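Residue strings, one per chain:
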Amino acid sequence: MPDTTFDLGTTPLRELNAALHKASAESNARRWRVLNPNGRHAVAVGIHAPLTVEIEGNVGYYCAGMNAEASIIVHGNAGQGVAENMMSGFVHVKGDASQSAGATAHGGMLLIDGNASARCGISMKGVDIVVKGSVGHMSAFMGQSGALIVFGDAGEALGDSLYEAKLFVRGTVKSLGADCIAKEMRDEHKALLHDKLTAAGLAGSVDISEFKRYGSARNLYNFHVDNVDAY
Amino acid sequence: MTAHSNVPRTPPRFSATFDPATLAEIRRAAATGIYDIRGAGTKRKLPHFDDLLFLGASMSRYPLEGYREKCSTEVVLGTRFAKKPIHLKTPVTIAGMSFGALSAQAKEALGRGATLVGTSTTTGDGGMTAEERAQSQTLVYQYLPSRYGMNPVDLRKADAIEIVIGQGAKPGGGGMLLGQKISDRVANMRNLPKGIDQRSACRHPDWTGPDDLEIKIEELREITDWEKPIYVKVGASRPYYDVALAVKSGADVVVLDGMQGGTAATQDVFIEQVGLPILAAIRPAVKALQDLGMHRKVQLIVSGGIRSGADMAKALALGADAVAIGTAALVALGDNDPQWEEEYQKLGTTAGAYDDWHEGLDPAGITTQDPVLAARLDPVKAGRRLANFLSVMTLEAQTIARACGKSHLHNLEPEDLVSLTIEAAAMAGVPLAGTGWVPGQTGGY
Amino acid sequence: MCGIVGLFLKDQKLEGELGAMLASMLCTMTGRGPDSAGFAVYGAGAPGQVKLSLRAAKGYDFPALAQGLSVPADGVPALSIRGTHAVIEVPAAREAQVRAFLAARHPEVAVVGSGTRMEIFKEVGLPSAVAEAFALPSMRGTHGIGHTRMATESAVTTAGAHPFSTGTDQCLVHNGSLSNHNGLRRSLAYQGMTFETENDSEVAAGYLTWRMKQGASLGDALEAGLKDLDGFFTFVVGTESGFGVLRDPIACKPAVMAETDQYVAFGSEYRALIGLPGIDTARVFEPEPATVYFWERAQ
């Protein structure tokens, strides 16, 4: 049973977010339920306490934006930029996610049961993203660190201008972006993948040996004139 | 023999098109295969505030008595939606400059100087340092496409949030911080490997365009409980439309940066060839605010080549609410100071012309991450120098405003100005001195 | 910069509610486009007749105009007035003649579109006010598209509002910003196309019309647009029998679609779709970049 229920059909969004910001690790109300999100933007953003927030329905842009510590579960689809710039915690989208899921996120885990569209994990800075479906084009563009794990397929230009983010794709990759290459899947990578899947609660649900690893060729790390075609 | 030497000869003559600087650049490009990257702003001569003059009071207007009759300078920014607007004692702020581009000491000095005179300073690409937060009474936190160092803890510590869409040095461009300046601390703040070139994106990763910006602004307001003013910064290129769209997207404050604005590391071709001089950008921006009924309700901060109280007074007269300085602030801290001439010479340049800010070798210890060089800048003393300079700017602007009979800097108007050149008259929309002629005033931007 | 909605019905039972559903979708997109709004509805049509959507100043005497267009053989053309717009029906054979007459004698009246079934309405103001002014909720039809506009580089005027008609029974709405429309406008003008505004979207519409005049199908014209139109766009295009969607290869501008047995719906944001019947179990997806989508009614 939730400690607190907010119905966005009758309560302004501002009150929900303000209440979530006031809650802390010591609060009595640790389990929250949000009804009738109806595709609203900026639902449950900026939380910085170990709360559990269950959102019953589809959300718009930037749900769980800048999340720290909280577990946020979306029982529906999420719009653009879900869990953007997340610092820590766990965000679980039960449906599909739109563009730029987990953009620039620094930490925590973003789990998407369905598909994520374009630019999933763009500029990711340490977050772990697990997508049980497929991801769209330009995913992990300029990814700096963290891991993007895709059970399905990846669209065009995966990992373009990649830094040190680690990419694992089980299905097909339509094309690799500039400076992104397939890499050998050694034991340490299998162990890493296993750890991430365990953290997502998915250990044993897929065969780790089916994944391929992709990472930066590091050819664009320092400018060289012979690489201008890649710019 | 002698007869022959008496024949007049054509002296060597350089081409105006292929002048020595152009020839040198062609040779440099041929040798390296990379465009020239440098810091600082435009070096070419542009129509600027120098081309405008104030009409002091005499018979038809009455001046105010200096030092006795008050000429107020305070400004409030972010009155549209924010619960906690920014109150500044003087309408000159410090523009966004990153830790990474600048040393931690320089960032701290900027905070100290701004705080001494009651104004704000701004973070940059790379996040907020503890030093600058601690020493800045009012700190604006930049929200940039790269989101390097962006985190909600610092966001809540900030006094205002500035969403950067572009900057005057490179409207439409991203950034490039070369590997030499990616020290351990910078690398750590930006989640990057040490020593590699750091590319900054030119578009935000999770929104594109004003219709989506409106939603991004809502998110930032929700995260910060609608307390903090949201600024939107654009490089001057299509100011009428950009300012109108910033207002429609829900900005509290618009920051408009002319092409003279400095930069940490950008292609020379971008710095010199893209954007508008600030003189040409202010009137269209103000017109957009007026057309929407938002002039003075959504505040306008202009920057790019502001060097003095006179520049500030002219910008305010053209309709700005405040100005921001970057390069002038660095010079006040000690950038390009002749005391380091010997070292500038070793770097193949001279004090006043040094612009290789991206190489991290700044003898003045400002645009560097080298601990030995950075230690040369005493943040307390440098902060004091900046405060002195800001005070002089304020006094100069007050002097002019009083002479024009104004009891507040904001009461300066375009009609208090005339222009010395036809170009400036057209760009600033004020008459050529001694005439009633405003070239090109047929409406529309 | 804008919000787009589109609704294509598969289930005839919903046709009476098309306008109401579209109005609700349109109003949800107010934040994306507070400057002006517009929509096209594909309703009933009579064989051999063409509907001209006309726009004039508030209070314009459309009945007098219709009288002026009457000819002994056909009588006074059927006229339906909604706010500042009116739809008149004339025999298709007479369309060119009527247009020429309007252009020559009634410059105060703009023809915003024509088709056997398409009617276009657009006006400056908030989407809710625009929908109300034209009584959109009362309209019935098989499909429709709508647009809310946040003007970027051209004026906030009714002429600059979307949809832009691209030809008989064809119209286009756009979200994004083109970067080569000025050059394209000049080259299309050289080919004889005329443009009413400085709007980039009107150039996109004109481009498609021009391609189709050259014999291309709508699908081919959209494909060609991927090469010739530079910049950022999501287009939704209406035709007599269906509607199409196209996003540029970068695909930054948002697009969400939902499909059920009863309809296909498009929204710039998901929340535009939430009022639709059965949305919770609909197949919700985002159109792929640089891919032409088209839904067509069984004839």
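Chain B appears in an unreviewed UniProt entry as FMN-binding glutamate synthase family protein from Xanthobacter tagetidis. Its UniProt record, at the heading Sequence similarities (unreviewed entry), says of chain B: "Belongs to the glutamate synthase family."

Per an unreviewed UniProt entry, chain A carries the name Protein glxC and comes from Xanthobacter tagetidis.

Asker: How would you summarise the overall build of chain A if you had to cite specific residues and measurements?
Answerer: The secondary structure content of chain A amounts to 2 helices and 11 strands. Each helix (α) and strand (β) of chain A, taken in turn from the N terminus, gives the series β-α-β-β-β-β-β-β-β-β-β-α-β. Since a compact globule built from 231 residues should have a radius of gyration of about 17 Å, the 18 Å found for chain A is in line with a globular shape. Considered along the principal axes of its C-alpha atoms, chain A spans approximately 60 × 40 × 30 Å. Scored against the burial criterion, the 231 residues of chain A give a buried share of 61%. Averaging the positions of the 20 positive and the 24 negative side-chain charges in chain A gives two centres separated by 2 Å.

Asker: Account for the pairing of strand S11 (residues 212-216) of chain A, naming residues and giving values.
Answerer: Residues and elements named next belong to chain A. With 4 of 5 residues buried, S11 is to be regarded as a mostly interior element. As paired elements, strand S9 (residues 166-169) and S11 share 3 bridges and run antiparallel to each other. For Val 169, the partnering residue across the bridge sits in S11 and is Lys 212. Pairing geometry for strand S10 (residues 180-183) and S11, over 4 bridges, is antiparallel. Bridging across to S11, Ile 181 finds its partner in Gly 215.

Asker: An account of the domain arrangement of chain A is requested, with residue identities and associated values reported.
Answerer: All names here are of chain A. Split into domains, chain A comes out as domain 1 (1-111) and domain 2 (115-231). Distance from the C-alpha centre of domain 1 to the C-alpha centre of domain 2: 25 Å. Facing 17 residues of domain 1, the contacting portion of domain 2 comprises 21 residues. Across the domain 1/domain 2 interface, buried area totals approximately 1,400 Å², and carbon plus sulfur atoms make up 54% of it. Applying the counting rule to domain 1 against domain 2 returns 0 salt bridges. Counting every contact that joins domain 1 to domain 2 gives 14 residue pairs in polar contact (both at pLDDT 80 or more).

Asker: Please give an account of the environment of Gly 192 of chain C that cites residues and values.
Answerer: Residue and element names in this part refer to chain C. Here Gly 192 shows up in the loop between helix H5 (181-190) and helix H6 (200-213). The class for Gly 192 is exposed, based on a relative accessible area of 53%. Separated by 86 residues in sequence, Gly 192 and Gly 278 place their C-alpha atoms 47 Å apart.

Asker: I'd like a rundown of the sheet that holds S9 of chain A, residues and numbers included.
Answerer: Each strand in a sheet pairs with its neighbour through backbone hydrogen bonds, running either in the same direction (parallel) or in the opposite one (antiparallel). Residue and element names in this part refer to chain A. Strand order in this open sheet of 11 strands is S1-S2-S3-S4-S5-S6-S7-S8-S9-S11-S10, and the pairing throughout is mixed. Looking at which strands have only one partner, the edges of the open sheet turn out to be strand S1 (4-7) and S10. Direction aside, neighbouring strands of the sheet carry axes that sit 15° apart on average. Pairing geometry for strand S2 (residues 31-35) and strand S3 (residues 52-56), over 5 bridges, is parallel. Bridge pairing in S3 places Arg 33 opposite Glu 54.

Asker: Go over empty space enclosed by the protein, please, and point to the residues and values.
Answerer: A probe as big as a water molecule, rolled over the atoms, marks out the empty space that is left. Residues and elements named next belong to chain B. By the definition in use, this model includes 2 cavities of 30 Å³ or more. Its boundaries defined by the atoms lining it, the largest cavity holds a volume of some 90 Å³. Looking at the largest cavity, it is lined by 14 residues, and the ones nearest its centre are Thr 93, Ala 95, Thr 122, Glu 162 and Ala 324. Breaking the lining of the largest cavity down by element, the ones donating at least two residues are strand S5 (92-94), strand S6 (120-122), strand S11 (230-235) and strand S14 (299-303). Considering only enclosed or pocket space, the second largest cavity measures out at about 50 Å³ in volume. Lining the second largest cavity are Gly 124, Asp 125, Gly 126, Gly 127, Tyr 141, Gln 142, Leu 144, Ser 146, Arg 147, Tyr 148, Gly 149 and Met 150. Grouping the constituent residues of the lining of the second largest cavity by class yields 4 nonpolar, 6 polar and 2 charged.

Asker: A description of the sheet that holds strand S12 (residues 253-257) of chain B should follow, citing residues and the corresponding values.
Answerer: Residue and element names in this part refer to chain B. Read from one edge of the open sheet, 8 strands run S5-S15-S14-S12-S11-S8-S7-S6, paired in parallel fashion. The sheet is open, and its two borders are formed by S5 and S6, each paired with just one other strand. When strand polarity is set aside, the average angle formed by the axes of neighbouring strands in this sheet is 30°. With 3 bridges joining them, S14 and strand S15 (residues 322-325) adopt parallel strand pairing. Residue Ser 303 lies in a different strand from S15, and its bridge partner there is Ala 324.

Asker: So, the interface of chain C and chain A: which residues are in play, and what are the values?
Answerer: Between chain C and chain A, the contact holds 15 residues from the first and 13 residues from the second. When chain C packs against chain A, the two sides together hide about 1,100 Å² of surface, and 44% of this comes from carbon and sulfur. Broken down residue by residue, the surface that chain C buries against chain A is led by Tyr 270, Arg 271 and Glu 286 of chain C, which jointly contribute 40%. Run the count over chain C and chain A and you get 0 salt bridges. Viewed at the interface, chain A and chain C are joined by 11 residue pairs in polar contact (both at pLDDT 80 or more). The residue inventory of the side of chain C that touches chain A, partitioned by class, reads 9 nonpolar, no polar and 6 charged.

Asker: Any chance you could break down the pairing of S3 of chain A for me, citing the residues and the numbers?
Answerer: Residues and elements named next belong to chain A. S3 sits mainly inside the fold: 4 of its 5 residues count as buried. Relative to strand S4 (residues 71-74), S3 runs parallel, the two sharing 4 bridges. In the sheet register, Ile 55 faces S4, and the bridge partner there is Val 74.

Asker: Residue-level account of the packing of aromatic side chains, with values.
Answerer: Overall, the coordinates contain 15 aromatic pairs over all chains when judged by the stated rule. Taken together, a centroid distance of 5.5 Å and an interplanar angle of 35° make the contact between Phe 39 of chain C and Phe 121 of chain C tilted. Pair noted here: Phe 39 of chain C is in strand S2 (residues 36-42) and Phe 121 of chain C is in strand S7 (residues 118-124), with a separation of 82 residues, a long-range link. Summarising the burial analysis for this pair, Phe 39 of chain C and Phe 121 of chain C share the class buried. Geometrically, the ring pair formed by Tyr 293 of chain C and Trp 295 of chain C is stacked, given 6.0 Å between the ring centres and 10° between the ring planes. The buried category is assigned to Tyr 293 of chain C, whose relative accessible area is 17%. Taking relative accessible area as the criterion, Trp 295 of chain C reaches 12% and is therefore assigned buried. Pairwise contacts between aromatic rings join Phe 8, Phe 243, Tyr 293 and Trp 295 of chain C into one cluster. When the ring centre of Tyr 62 of chain A is taken as reference, the NZ or CZ atom of Lys 216 of chain B above it lies at 3.8 Å. Above the plane of the ring of Phe 285 of chain C lies Arg 283 of chain C, whose end atom (NZ or CZ) is 4.1 Å from the centre.

Asker: Pulling in residues and values, what's your account of the side chain of Thr 93 of chain B?
Answerer: Mapped onto the fold, Thr 93 of chain B is located in strand S5. Contact partners of Thr 93 of chain B, with chain neighbours within four places excluded, come to Leu 88, Thr 119, Ser 120, Ile 301, Val 323, Ala 324 and Ile 325 of chain B.

Asker: Go over the UniProt feature "domain: Glutamate synthase" (unreviewed entry) in chain B, please, and point to the residues and values.
Answerer: This chain's UniProt record puts "domain: Glutamate synthase" (unreviewed entry) on residues 77-334 and 358-406 of chain B. With 59% helix and 0% strand, residues 358-406 of chain B has its two end C-alpha atoms placed 43 Å apart.

Cut-offs and rules
- Residues numbered from 1 in each chain as written.
- Chains lettered and ligands numbered in written order.
- Predicted model: local features only at pLDDT ≥ 70, side-chain atom pairs only at ≥ 80, totals over all residues.
- Heavy atoms only, no water.
- UniProt positions renumbered as here; feature names shortened; annotations may be inferred.
- Helix = DSSP H or I, 4+ residues; strand = E, 2+ residues; numbered from the N terminus.
- Rg over C-alpha atoms; globule rule 2.2 N^0.38 Å.
- Buried < 20%, exposed > 50% of the residue type's maximum accessible area, 1.4 Å probe, protein only.
- Lys, Arg positive; Asp, Glu negative; His and termini not counted.
- Charge placed at Lys NZ, Arg CZ, Asp CG, Glu CD.
- Pairing = 2+ DSSP bridges.
- Domains from an automatic or database assignment.
- Contact = heavy atoms within 4.5 Å.
- Buried area = accessible area lost by both parts, 1.4 Å probe.
- Salt bridge = Lys/Arg side-chain N within 4 Å of Asp/Glu carboxyl O.
- Polar contact = N/O pair within 3.5 Å; in protein donor to acceptor, adjacent residues only side chain to side chain.
- Axes fitted to C-alpha atoms, helices over the stretch in contact; angles between N-to-C directions.
- 1 Å grid on protein atoms, 1.4 Å probe; cavity = no way out; pocket = protein on both sides within 12 Å on 5 of 7 lines; lining within 4 Å.
- Points joined across faces, edges and corners; volume = space filled by probe spheres on them.
- Nonpolar A, V, L, I, M, F, W, Y, C, P; charged D, E, K, R; others polar.
- Phe/Tyr/Trp six-rings, centres within 6.5 Å; stacked < 30°, edge-to-face > 60°.
- Lys NZ or Arg CZ within 6 Å of the ring centre and 35° of its normal.

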